[in-house]
Amino acid sequence: MLLLDILDKKRTDGIYIIAEIGQNHQGSMDVAIKMIYEAKQAGCHCVKFQKSNLPSKFTRSALERDYKSKHSWGSTYGEHKEFLEFSYEQYRILQAYSQEISIDFTASAMDMHSLEFLAELKVPFIKIGSGDANNFPLLEKAANLGIPLVISTGMQSMLTVSKIVDIMDQANHKKYALMHCVSSYPTAPKDCNLQWISILKQRYPHLIIGYSGHELGITITKAAVLLGAKIIERHFTLDKSQKGSDHRCSLEPNEFRSLIRSIENFRFDTVKPEDILGLLDGGRDLEEALDNNGREKCILDCELPCRSKLGKSLVAARSLKKGHRLQRADIAIKVSEPSGLSAENFFDIIDKELAIGLNEDEPITGASMII
Ligand SMILES: CC(=O)N[C@H](C=O)[C@@H](O)[C@H](O)[C@H](O)COP(=O)(O)O
Ligand SMILES: C=C(OP(=O)(O)O)C(=O)O
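This is a predicted model, so every value here is computed, not measured.

A. View of unusual backbone geometry. Residue Tyr185 is joined to Pro186 through a cis peptide bond whose omega torsion reads -5 degrees. The omega torsion across Glu337 and Pro338 is 0 degrees, close enough to zero to call that bond cis. Take Pro338: it is sitting in the loop between β10 (331-334) and β11 (353-354). Even without a glycine there, the phi angle at Met155 is positive, about 65 degrees. Looking at where Met155 falls in the secondary structure, it is placed in the loop between β5 (149-152) and α9 (158-170). The class for Met155 is buried, based on a relative accessible area of 3%. The phi angle at Asp361 is positive, at roughly 80 degrees, despite the residue not being glycine.

B. Inspection of the UniProt feature "domain: AFP-like" (unreviewed entry) in the protein chain at higher detail. Within this numbering scheme, the UniProt entry marks residues 313-371 as carrying the feature "domain: AFP-like" (unreviewed entry). Measuring from the first to the last C-alpha atom of residues 313-371 gives 19 Å, for a span that is 0% helix and 20% strand.

C. A look at the domain arrangement of the protein chain. When the domains of the protein chain are assigned, the result is domain 1 (2-290) and domain 2 (312-370). Here the C-alpha centre of domain 2 lies 30 Å away from the C-alpha centre of domain 1. Counting each side, the surface lost to burial between domain 1 and domain 2 is near 1,400 Å², with a carbon and sulfur contribution of 50%. Along the contact surface separating domain 1 from domain 2 lie two salt bridges. The closest approach of N and O atoms between Arg328 and Glu140, which form a salt bridge, is 2.7 Å. Linking domain 1 to domain 2 there are nine residue pairs in polar contact (both at pLDDT 80 or more). Elements supplying a minimum of two residues to the side of domain 1 that touches domain 2: α3 (54-57), α4 (60-64) and α8 (136-145). Considering only residue class, the side of domain 1 that touches domain 2 consists of six nonpolar, eight polar and five charged.

D. Quick peek at the environment of Ser102. The topology assignment puts Ser102 in the loop between α6 (88-100) and β3 (104-109). The exposed category is assigned to Ser102, whose relative accessible area is 54%. Separated by 217 residues in the primary sequence, Ser102 and Ser319 place their C-alpha atoms 47 Å from one another.

E. Focus on the site of ligand 1. Ligand 1 sits among 17 residues. The nearest are Tyr67, Tyr77, Ser245, Asp246 and Lys309. Protein contacts shield 93% of the accessible area of ligand 1, which totals 480 Å² for the unbound molecule. The residue inventory of the shell around ligand 1, partitioned by class, reads seven nonpolar, six polar and four charged.

F. Local environment of the site of ligand 2. The local shell around ligand 2 holds 14 residues, among which Ser108, Lys127, Ser130, Ser152 and Ser212 are the closest. Within the side chain of Lys127, a nitrogen or oxygen atom sits 2.7 Å from an oxygen atom of ligand 2. The class makeup of the residues in the shell around ligand 2 is three nonpolar, seven polar and four charged.

G. Inspection of the packing of aromatic side chains at higher detail. Going through the model one piece at a time under the given rule, you end up with 13 aromatic pairs. With a centroid separation of 6.1 Å and 70 degrees between ring planes, the pair formed by Tyr91 and Phe105 is classed as edge-to-face. In this pair, Tyr91 is assigned in helix α6 and Phe105 in strand β3, connecting sequence segments 14 residues apart. Here Tyr91 and Phe105 have matching classes, each one buried. Between Phe136 and Phe347 the ring centres are 6.2 Å apart and the planes differ by 5 degrees, which places this aromatic pair in the stacked class. Of this pair, Phe136 sits in helix α8 while Phe347 is found in the loop between β10 and β11, placing the two residues 211 residues apart along the sequence. Connected via pairs of aromatic rings, a cluster forms that spans Phe49, Phe86, Tyr88, Tyr91, Phe105 and Phe117. The residue whose ring lies beneath Arg65 is Tyr77, and the NZ or CZ to ring-centre distance is 4.4 Å.

Calculation rules
- Residues numbered from 1 in each chain as written.
- Chains lettered and ligands numbered in written order.
- Predicted model: local features only at pLDDT ≥ 70, side-chain atom pairs only at ≥ 80, totals over all residues.
- Heavy atoms only, no water.
- Helix = DSSP H or I, 4+ residues; strand = E, 2+ residues; numbered from the N terminus.
- Buried < 20%, exposed > 50% of the residue type's maximum accessible area, 1.4 Å probe, protein only.
- UniProt positions renumbered as here; feature names shortened; annotations may be inferred.
- Domains from an automatic or database assignment.
- Buried area = accessible area lost by both parts, 1.4 Å probe.
- Salt bridge = Lys/Arg side-chain N within 4 Å of Asp/Glu carboxyl O.
- Polar contact = N/O pair within 3.5 Å; in protein donor to acceptor, adjacent residues only side chain to side chain.
- Nonpolar A, V, L, I, M, F, W, Y, C, P; charged D, E, K, R; others polar.
- Near = heavy atom within 4 Å.
- Areas by Shrake-Rupley, 256 points an atom, 1.4 Å probe, with all protein chains shown as cover.
- Phe/Tyr/Trp six-rings, centres within 6.5 Å; stacked < 30°, edge-to-face > 60°.
- Lys NZ or Arg CZ within 6 Å of the ring centre and 35° of its normal.

Structural data, given as structure tokens:
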């Protein structure tokens, strides 16, 4: 399998292409099957879905909040997500069809239950999306399962990235890649910060670095490959004009085909940014995408809406009394409404004493604890 060969450094010439079907299937198995077929025809190596167990990923109030958007499939966010979620049985059908036509099949594990389910399905690798890159217990568990991982780093600081690497090291897990990603839909060229691919490569020369892009078009993704990204993930759609948050920044089958054809014709390893502009005949957009203004990887302003909608918080895993000292099992990591302390603080609050009682799913904030 190409991805494993890339992770094992047995192949330095191939680029692994993931078609992120995500929730672009509109809740329809027929559409999902057609998308898998089209992704295979376009030359993609893998189709990827997003698996959530809704009460594990979201607090009750996050599921109950109104979701008024032209992209909404329900009146609450929970109804919307329920409409787009395939069952375990449906996943098995999609996996079997992918096997039949020889395309890799996987999903992002968006909570512990989904991680366990995907491990049971024996997918070739599990994706950890940007929303869970700071979900350290999920990363620990995934690493300890020994399954190859592809971990996105959107909405995260460099400090969080270094913690991800520490967690993988502690578990002695070596089969994983980090994806440069900006969680803004679509990402404006000036926010793409493609040079962070080079920075990740310099900082972690032993790791495979990839790119999960949300920009419009394919030129910036081609530049990511020239900068050394070995795994490419783009959202896939049959028609960009459809209802749904991700269609606009997705690629249609012909665009994927054209991206893959270009990548196959690249005959260089890593190219200097100044040469990429000439090679790709790039204009202003590419220039902006390649310029990170000397910035260290950080959480970008354009990512704040996504972080506030889908970023994970620390919440009470069960009802807890005032005065209780927090233990690992007391803390769950969920999308919470309102939000609590950001998930990357998980280890910092263990053993802290609660200043107030908390009900299950209530956010844990600075004010919840005696410091
Ligand atoms: C951060 C993250 O999970 N992002 C995912 C992957 O890129 C997206 O596909 C979201 O699931 C999608 O944009 C959510 O849209 P809505 O809120 O309309 O269901
Ligand atoms: C959120 C996801 O991806 P990314 O962060 O790479 O966009 C995902 O794969 O579910």
